[in-house]
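An overview of the molecular structure
Letter by letter, the chains look like this.
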Amino acid sequence: MLSPLRWIAGAVALPLAMVPAIGGGSRSPAADSGTGQPLSTRVVHYQIEARLDPARKTVDAQETLTYHNLTGQPLDVFPFHLYLNAFQPTSTFMREVRRDGTRGTSAGSRWDPKHYGVIEVKSFQVEGQGDLTRQMEFIHPDDDNTDDRTVVQVKLPKPIPPGADVVFRIAFHDQLPEVLERTGYKRDFFMVAQWFPKVGVWWHGAWNCHQFHANSEFFADFGVYDVKVTVPQTYVLGSCGDEVARVRNPDGTQTVAYHAEDIHDFSWTADPHFHLVEDSWTGSGGTVKIHLLLSPEHERQRQRYLQVIKGTLDRFDRWYGPYPYDRITLVDPPHGAGDAGGMEYPTLITCGSTWWEPKGLRGTELVTEHEFGHQYWYGMVATNEFEEAWMDEGINSYTEVKVLDSLYGSGRSALDWWGLTADDSGTQRLAYLSEPDTDPLARFAWKYLSSHAYGAVTYGKTATVLLTLEGLLGEETMRRALHTYFMRYRFTHPTGEDFLKTLEEVSGQDLRWYYNQAVYGTQVLDYEVLRIDSDRVDWYEKNPPPEKKGQTLYRDLVLVHRKGDFIFPVDVEIQFDNGEKVRERWDGGDRWVRYTYLKKAKVDSAEVDPDHRVWLDANFFNNSRTREPDSRATRKLATYWLWIIQFLSQAAAWLT
Amino acid sequence: MTLPHPGPVGAGAGLVWRRQRLLWWIYAVNLVLAGLGTLPMAMRTGTILNHSLGARPLVKGMDVTVLGSLAMHPSRPFLAPGSGIAAFVFFIFMLFVTGGVLKVYVLDRTLTTEEFFQACGGFFWRCFRLLILLLLMLAPIAALASALVRWSDKLSSDAAAAWLGFWVEVASLLAIGLLLMILRLWFDLAELHAVVENEPAVRRSLAAAFRLLGRNFASLFWLYFRISLAAWMVLALALGVWIRLVPADAVSTSFAIGQVVALFWIAARLWQRASEACWYQQRGPVPAAEPNTFSPPPLRPHWTAAPSIPLLFRRFLTWPPR
Ligand SMILES: [Zn+2]
């Protein structure tokens, strides 16, 4: 996501038997692999039939989950996420929101009953083992909150042997909140996300099924989804799947069946006011259908959405690997539903725009690019967002910088409006500067100092760490490393160490020293040119000859200081007043280094990192020092400042 | 053949022009105070930037991220003290000179320094009390503005029509702006009444100004509004020219444009004051609420009765008045 979401009428429900017809209308990822094998290890198969009640804002559904026990050991305990239960005042999620705030909600906010949400499991049956509804118990693996109901666990009477399947039949009822944290309704708009009981992930020899936290996202196994949604016929729908059937029911509703393979989550959206814009893009993986569900008031942003999604598809395809799905759905939430925007689901992203947003503000483009990027860094390379949020948000923020720079030009990729400019790399670095040393990247999402620290570190600092690494390895090597990482780990759950291994393998360099500081540490990187000086060698003479450019001999001195604890090798460029430039390489191991030269020239300036590659440096201004002052920037800022004070003074004097 | 008698706005413009010493003085004070207020920020910024190659992106353009990292620099240059103090001192200065300025415009002659400051001192407490009353009256307007903003925010989020909240916000801003202009106009007239009539009781000045405004609302509001509009148009024009035509590194041109606007804004405020003074003197007698309790005093040199500066200090000591 970006800094910051009944069970069907039986008589008219389509039989699941229609699912085999699926292949006819859509390309499954497996077909692109050329092997005939599924792209992912399909651990789960969800079949859900859901009916939306737009008046009550509820969903009633029947879920059939087939779980393939590929853990290599018998399993008798199964935990399930019940994410919607986070939207209750006693949940861990709300405790954390109240303490630290989260996107769209500030700390200390009062409880708003409209934000109440719940998922009730009406019945829980296990094929061959009977009704286990009463055996369900809420657990809270991450904290001591016994009131948290976002994880439920069931113990089966008979364990499921390795390699066997177990089928769960779950009836559940959702009460959707007014939109917050990705999910809910606003007027007629519905973003139905994190809405069904979702089994945890058996990972590293144990169940990984965390509670829903204010700062965390999600983690799930790959599989197949067959979902049927019944909504009024006036509604325009979108989902994570390919539409495979649509039936108009006599009661004025419609039932739409979706099928999706090799994804790990499923969400859907419905709004009678959506304009459905259809387009397509063809890349190395084939043709991708673009469905833009546009809110009518954002009609003027239609081309911006299409332009950025095609540009992003193109860059990811060329740089990191093919997009294997045949569809991407862009949801443009209506006014007032902004909290549903800026979120990623497999093959469906929620964006965000306003009717007035001028072109140079690039908010629409940035959110769309970012959420699409998650198709790679979360959707396919499915890292654990609870435990290593930097690996989806941060790597994605880095590729966001690269793609936006490529599409809109470096230096103005985030803002180009009325003479004001900003590039995305600079905005990521600013986020990092706001919390440079509070938390390491490698920290569980809910354990950060604050909501702000979580955002600053997982997005901004990680992007800055990777931009700095790119400076070290080169842009091309970095691109190859990400390509390799994507191709190797797509449809799996890699860790930070897997990422490091790939980086080291592709670059041929030992990067542990960097990783230990940048990923696991909180050291701050800051170099400064402490002093430059040019002293005549004949300084002791009583009557030295007058200084003459090119003839007087000087002892030139440059002193560079490593202010921060982060050790990083840097270049130092010294410019002399005869036009000569000297480059030195310093490993940064000691706290300072002194360079001295005997030349018939004075030092004009010295600069650490003259190619501006070390984005992690917390202070760019002290990276250089010039002999002669240049006050143009100061005068300019002072001139603007002066006028602002004059204006404010006059505004105050209006009262007299 | 005689020229037609100019309206109060034209006459006010002429008055500002004839008594332009006032304008230049106020502008000079505004500029000097702002300059002093800028110094701490400029010194901190200079320490960071003047010997750094990292300042270059700020010379040729305005890179917001560089500006942002400057703002986040440990020495926090933009939080340097001085700016707020400068604005406050200018505010007090304007409060002090209001009486003198009005006196000059009412009499339409250049006062000696002593006369001017006597007038400033003589009317200071009246202007101060009017300021307090103005602030009290601003409180409900601020509350109304806050309620309107909350309402428009709610509409922006909840109303079925996407634009409703926006237009309600625009209408609210216009309504609040209108209220503020009317309030200022009323208090301008009250200050004028206090000076012209040498009225010590500000409540009587406010009442008289209220009656004047009520009976001549259209002409008075049009007078005030036209000049405000001119000021805003000059600002918009200057910003347009500055953004589109002035290169990012043309600091002197930027400074010149900024100063033209600052000067024009002071001139516009004085123009309003002068026009109101002209209108006041061109109008008939102040309509009395109770004819027997009010008789217009002579419009003669009032400051013979105004307190001298030492007296002003005594007034400070004996404030609040009975
Ligand atoms: Zn994200």
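Every residue gets a number counted from 1 within its own chain, in the order that chain's sequence is written. Each chain gets a letter, beginning with A, and each ligand a number, beginning with 1, in the order they are written. In view of the model being predicted, local features appear only for residues whose pLDDT reaches at least 70, and side-chain atom pairs are presented and counted only at 80 or more, with totals across whole chains, interfaces and linings using the full set of residues. Remark: hydrogens and water are excluded; side-chain values derive from all non-hydrogen atoms of the structure.

Each helix is a run of H or I in the DSSP string that is no shorter than four residues. Each strand is a run of E no shorter than two, and both are numbered from the N terminus. A tally of regular secondary structure across chain B gives 11 helices and 1 strand. Taken from the N to the C terminus, the helices and strands of chain B come in the order α-α-α-β-α-α-α-α-α-α-α-α. Per-residue burial for chain B yields a buried fraction of 48% across its 322 residues. Sequence separation of at least 24 residues holds for 79% of the intrachain contacts in chain B that already meet a minimum separation of 6. Think of it in three bands: with a 1.4 Å probe and only protein chains considered, a residue is buried below 20% of the maximum accessible area for its type, exposed above 50%, and partly exposed in between. Between two residues, a contact is recorded if the distance between any of their heavy atoms is within 4.5 Å.

Along chain A, the regular secondary structure elements total 13 helices and 32 strands. Radius of gyration means the value over C-alpha atoms here, while the globule rule gives 2.2 Å times the residue count to the 0.38 power. Computed over C-alpha atoms, the radius of gyration of chain A comes to 29 Å, within 12% of the 26 Å expected from 2.2 N^0.38 for 656 residues, which places it in the range of a compact globule. Overall size of chain A, expressed as C-alpha extent along the three principal axes, is 110 × 70 × 50 Å. Taken across its 656 residues, chain A has 62% of its residues classed as buried. Each accessible area value is a Shrake-Rupley result obtained with a 1.4 Å probe; residue values ignore everything except the protein chains displayed when judging cover. Of the accessible surface of chain A, which amounts to about 24000 Å², a share of 51% is contributed by carbon and sulfur atoms. In this count, Lys and Arg are taken as positive residues and Asp and Glu as negative ones, while His and the chain termini are left out. The atom standing in for a charge is NZ when the residue is Lys, CZ when it is Arg, CG when it is Asp and CD when it is Glu. In chain A, which carries 69 positive and 91 negative side-chain charges, the distance between the mean positions of the two groups comes to 4 Å.

Residues and elements named next belong to chain B. All axes here are fitted lines through C-alpha atoms, helices being fitted over the stretch that makes contact, and every angle between N-to-C directions spans 0 to 180 degrees. Relative orientation of the contacting elements helix 2 (residues 20-49) and helix 10 (residues 251-282) amounts to 130°, with a least axis distance of 10 Å. Between helix 2 and helix 10, the crossing angle belongs to the class labelled oblique. In this structure, helix 2 meets helix 10 at a crossing whose hand is right-handed. In contact with L22, L23, W24, I26, Y27, N30 and L31 of helix 2, helix 10 contributes Q259, A262, L263, I266, A267 and L270. Residues are grouped as follows: nonpolar covers Ala, Val, Leu, Ile, Met, Phe, Trp, Tyr, Cys and Pro; charged covers Asp, Glu, Lys and Arg; every other residue, Gly included, is treated as polar. Classifying every residue of the contact of helix 2 with helix 10 gives 11 nonpolar, 2 polar and no charged. Any angle from 65 to 115 degrees is called roughly perpendicular, while one under 35 is roughly parallel, one over 145 is roughly antiparallel, and all others are oblique. Handedness of a crossing is defined here by the sense of rotation of the near helix relative to the far one, left-handed for an anticlockwise turn of less than a right angle and right-handed for a clockwise turn.

Attention shifts here to a nonpolar patch on the surface. Residue and element names in this part refer to chain B. Only residues whose relative accessible area exceeds 30% and that form no salt bridge enter a patch; like-charged residues are grouped when within 9 Å of one another, and nonpolar side chains (Val, Leu, Ile, Met, Phe, Trp, Tyr) when within 5 Å. What counts as a salt bridge is simple: a side-chain nitrogen of Lys or Arg found within 4 Å of a carboxyl oxygen of Asp or Glu. Taken together, the side chains of V32, L36, L39 and M43 define a hydrophobic patch exposed on the protein surface, amounting to about 410 Å² of accessible area. The topology assignment puts V32 in helix 2. The exposure class of V32 is exposed, given its relative accessible area of 52%.

What follows concerns the pairing of strand 2 (residues 58-68) of chain A. All names here are of chain A. Within strand 2, 9 of the 11 residues are buried, which leaves the element mostly enclosed by the surrounding structure. Taken together, the 10 bridges between strand 1 (residues 44-53) and strand 2 define a ladder with antiparallel strand orientation. Residue pairing across strands places E49 opposite Q62, the latter belonging to strand 2. Pairing analysis gives 11 bridges linking strand 2 to strand 8 (residues 165-175), with the strands arranged antiparallel. Looking at strand 8, one finds that T64 is bridged to R169. Strands qualify as paired when DSSP identifies two bridges or more between them.

Before going further, it helps to spend a moment on the domain arrangement of chain A. Residue and element names in this part refer to chain A. Note that the domain bounds reflect an automated or database-derived domain assignment. As far as domains go, chain A holds domain 1 (41-268), domain 2 (273-380), domain 3 (398-518) and domain 4 (527-628). The C-alpha centroid of domain 3 is placed 31 Å from the C-alpha centroid of domain 1. Taken together, the 18 residues of domain 1 in the interface contact 11 residues of domain 3. Buried area between domain 1 and domain 3, summed over both chains or domains, comes out near 1200 Å², and the portion from carbon and sulfur atoms is 60%. Where domain 1 packs against domain 3, one counts 0 salt bridges. Counting of polar contacts relies on pairs of N or O atoms within 3.5 Å, with two restrictions inside protein: one atom must be capable of donating a hydrogen and the other of accepting it, and residues adjacent in sequence are counted only when both atoms are side-chain atoms. Where domain 1 meets domain 3, there are 4 residue pairs in polar contact (both at pLDDT 80 or more). Where the side of domain 1 that touches domain 3 is concerned, the elements lending two or more residues are helix 3 (92-100) and strand 12 (201-203). Class assignment of the residues belonging to the side of domain 1 that touches domain 3 gives a composition of 5 nonpolar, 7 polar and 6 charged. In short, buried area is how much 1.4 Å probe accessible area vanishes from two parts on joining, totalled over both.

What links the strands of a sheet is backbone hydrogen bonding, and the strands pair in either a parallel or an antiparallel sense. All names here are of chain A. Across the sheet, which stays open at both edges, the 4 strands sit in the order 29-28-31-32 with antiparallel pairing between neighbours. The open sheet has two edge strands, strand 29 (581-586) and strand 32 (624-626), and neither has a second partner. Going from strand to strand, the sheet's axes swing by 15° on average, the running direction of each strand aside. The pairing of strand 28 (residues 570-576) with strand 31 (residues 603-608) spans 5 bridges and is antiparallel. Its bridge partner being in strand 31, I574 is matched across the sheet by A606.

Below, the discussion takes up the nonpolar core. Residues belong to one nonpolar core when they are buried, are Ala, Val, Leu, Ile, Met, Phe, Trp, Tyr or Cys, and are joined through side-chain atoms within 4.5 Å. Membership of the largest hydrophobic core comes to 166 residues, with the highest contact counts inside it found for F168(A), W195(A) and W268(A). A per-element tally of this core places helix 9 (residues 451-473) of chain A first, with 8 residues. Membership of the second largest hydrophobic core comes to 88 residues, among which are L642(A), V29(B), L138(B) and L206(B).

Moving on: the interface of chain A and chain B. Taken together, the contacts link 55 residues of chain A with 75 residues of chain B. It is F621(A), W654(A) and T656(A) that lose the most area in chain A upon contact with chain B, and together they represent 15% of the buried surface on that side. Linking chain A to chain B there are 1 salt bridge. Between K186(A) and D158(B) there is a salt bridge; the shortest N-O distance is 2.6 Å. Applying the counting criterion to the chain A and chain B interface returns 28 residue pairs in polar contact (both at pLDDT 80 or more). No other element matches the 19 residues that helix 13 (residues 632-653) of chain A contributes to the side of chain A that touches chain B. Here the side of chain A that touches chain B is composed, by residue class, of 23 nonpolar, 18 polar and 14 charged. With 2 bridges connecting them, strand 25 (residues 420-422) of chain A and strand 1 (residues 62-63) of chain B associate as parallel partners. Across the sheet, the residue bridging to L420(A) is M62(B), located in strand 1 of chain B.

On to the sheet that holds strand 1 of chain B. Judged by pairing direction, the sheet is mixed, and its 3 strands sit side by side in the order 24(A)-25(A)-1(B) without closing on themselves. The sheet is open, and its two edges are formed by strand 24 (415-417) of chain A together with strand 1 of chain B, each paired on a single side.

A word on the environment of Y320(A). Within the secondary structure, Y320(A) sits in the loop between helix 4 (302-319) and strand 21 (327-331). Once residues within four sequence positions are removed from consideration, Y320(A) is found in contact with R315(A), Y376(A), W377(A), T399(A), K402(A), R479(A), L482(A), H483(A), F486(A) and M487(A).

Residues and elements named next belong to chain B. Note: pLDDT gives the predictor's confidence per residue, expressed from 0 to 100. Predicted confidence across chain B gives a mean pLDDT of 87, with 86% of residues reaching 70 or more. Between the elements of chain B, mean pLDDT differs from a low of 38, seen in helix 11 (residues 309-318), to a high of 97, seen in helix 2. Within the model, pLDDT remains below 50 along residues 290-322, and this stretch shows 40 contacts once partners closer than five positions in the same chain are excluded. Scoring of the predicted complex yields 0.89 for pTM and 0.87 for ipTM.

Here the focus is the state of the cysteines. Two cysteines form a disulfide when their sulfur atoms are joined by a covalent bond. Residue and element names in this part refer to chain A. To count as a disulfide, a pair of cysteine sulfur atoms needs to be within 2.5 Å. Applying the stated criterion to the full structure yields 0 disulfides over all chains. Note on C240: no disulfide assigned, nearest cysteine sulfur contributed by C351 at a separation of 13 Å. Accessibility expressed as a relative area gives 0% for C240, which makes it buried.

Here we take up the pattern of salt bridges. Tallying each qualifying case throughout the model produces 58 salt bridges over all chains. The salt bridge partner of D53(A) is R56(A), with a shortest N-O separation of 3.1 Å. Residue R184(B) pairs with E191(B) through a salt bridge whose shortest N-O separation is 3.5 Å. Both residues of the pair, R184(B) and E191(B), count as buried. When salt bridges that share partners are traced, they join D571(A), E573(A), R583(A), R585(A), D611(A) and R613(A) into one network.

If you trace the backbone, S172(B) turns up in helix 7 (residues 164-196). Looking at S172(B), its side chain comes within polar contact range of the main-chain oxygen of V168(B), at 2.6 Å.

All names here are of chain A. The rule is short: rings of Phe, Tyr and Trp, with Trp giving its six-membered ring, pair when the centres are within 6.5 Å, and they are stacked under 30 degrees, edge-to-face over 60, tilted in between. Overall, the coordinates contain 79 aromatic pairs over all chains when judged by the stated rule. Judged by centre distance (5.1 Å) and plane angle (70°), the ring pair of Y46 and F196 falls under edge-to-face. Placement of the pair is Y46 in strand 1 and F196 in the loop between strand 10 (189-192) and strand 11 (198-199), with a sequence separation of 150 residues. A single burial state applies to Y46 and to F196, both of which are buried.

Another aspect to go through is unusual backbone geometry. Residues and elements named next belong to chain A. The phi torsion at Y378 lies on the positive side, around 145°, for a residue other than glycine. With phi around 55°, H612 is a residue other than glycine that occupies positive phi space. Looking at where H612 falls in the secondary structure, it is placed in the loop between strand 31 and strand 32.

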